[in-house]
Amino acid sequence: MLNIHRIKITLTCLLIGLGMAVNAQQLNPLYDLRPIRFGFAIMGNTAKLKYTVKDNNLNYDSLKAIESVYYPGFGLGGLVNFRLADHWDLKAMVNIQFARRDMNYHFTQKAVNEPNTRVVEMEATYMELPLTFEYKSKRHKNSRFYLLGGITYRFDFTSDEQTDRSDTKPILALYPNTFSYDVGFGFDFYYEFFKFSPELKLSNGLGNQLMPDNFIYASSLERVSPKLLQFSLIFQ
């Protein structure tokens, strides 16, 4: 219920902003002619893992199923926007994001008091360097739409790369350095002294980020890559 309430508040604010931008006289008409612009972003995210289970491992050691669980997270970032052409921009950012995505391993219960689910908690503190190209529609009064695509480098400060692991210690380690490809869209709303841009972006990890070991949490998986759905409020 709390998440639904937050979504309603966010959508209401966006609709109010859209209405103000559309109905007002055109503000700051020369804004997009600036070759370089600076700004900052406030981000919310939902993190999850894409994974592939090895063919013969769901019955290993009574392991029956594996599932990825996602949680909300947040982040902050700074940006530099470069004007390339009338409808094209290049945006470079430096972000810090906090994310969490767990993996639940379901086993056959061997004793009455023994839990049949073990949770691998996977928190991440990312430093991100996204680089995205944006194609923007024609400006209509004080608003316009844009599409984006690009790539992001991430470093996870809280990676379990060096953590000791065992079958009784639920740990699934991923490499700290990752790359992802990004796709998304957003809206530009122009005001007298700034531009406000709500943006939705999907970030899919490239390659296999799983650190292999001989314990069941990693050995039961073929590959793992992070996935991040990000909603940003950008001010320039």
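For the structure itself, consult the block above.
Remember, it's a predicted structure, so these values are computed and weren't measured experimentally.

Visitor: Teacher, can you tell me more about the overall build of the chain here?
Guide: Along its length, the chain carries two helices and nine strands. Listed by position from the N terminus, the elements making up the chain come as α-β-β-β-β-β-β-β-β-α-β. Here the chain holds 236 residues, and the buried ones make up 40% of them. By sequence separation, contacts in the chain at least 24 residues apart represent 72% of the contacts at least 6 residues apart. Taken as a whole, the chain presents about 12,900 Å² of accessible surface, with 62% of it coming from carbon and sulfur.

Visitor: When you look at the packing of aromatic side chains in this model, what are you seeing that I'm missing?
Guide: Geometry of an aromatic ring pair is reported as the spacing of the ring centres plus the angle between the planes. Throughout the structure, instances matching the rule amount to 15 aromatic pairs. Residues Tyr31 and Tyr190 carry aromatic rings whose centres are separated by 5.9 Å and whose planes lie at 80 degrees to one another, so their mutual orientation is edge-to-face. Here Tyr31 is found in the loop between α1 (2-23) and β1 (36-53), whereas its partner Tyr190 is found in strand β7 (residues 177-190), with 159 residues between them in sequence. Ring centres of Tyr105 and Tyr217 lie 5.0 Å apart, and the angle between their planes is 85 degrees; on these two criteria the pair is classed as edge-to-face. Here Tyr105, found in strand β3 (residues 88-107), pairs with Tyr217, found in helix α2 (residues 216-219); they are 112 residues apart in sequence, far enough to count as distant. For Tyr105, a relative accessible area of 0% corresponds to the buried category. Assessed through its relative accessible area of 1%, Tyr217 is described here as buried. Among the aromatic residues, ring-to-ring pairing joins Phe40, Phe145, Phe185, Phe187, Phe189, Tyr191, Phe194, Phe196 and Phe235 into one connected group. Here the guanidinium or amino end of Lys136 rests over the ring plane of Tyr146, the centre of that ring lying 4.2 Å away. Of note, Arg154 hangs over the ring of Tyr126, and the distance from its end group to the ring centre comes to 5.8 Å.

Visitor: Quick question: what am I supposed to make of the pairing of β7 here?
Guide: Within a regular beta strand, the side chains point alternately toward one face of the sheet and then the other, so they alternate between its two faces. Pairing analysis gives 13 bridges linking strand β6 (residues 143-156) to β7, with the strands arranged antiparallel. Residue pairing for β7: Phe145 is matched across the bridge by Phe187. Relative to strand β8 (residues 195-205), β7 is paired through nine bridges, and the arrangement is antiparallel. Paired with Val183 across the strands is Leu202, a residue of β8.

Each value, and the rule that gives it
Residues numbered from 1 in each chain as written. Predicted model: local features only at pLDDT ≥ 70, side-chain atom pairs only at ≥ 80, totals over all residues. Heavy atoms only, no water. Helix = DSSP H or I, 4+ residues; strand = E, 2+ residues; numbered from the N terminus. Buried < 20%, exposed > 50% of the residue type's maximum accessible area, 1.4 Å probe, protein only. Contact = heavy atoms within 4.5 Å. Areas by Shrake-Rupley, 256 points an atom, 1.4 Å probe, with all protein chains shown as cover. Phe/Tyr/Trp six-rings, centres within 6.5 Å; stacked < 30°, edge-to-face > 60°. Lys NZ or Arg CZ within 6 Å of the ring centre and 35° of its normal. Pairing = 2+ DSSP bridges.

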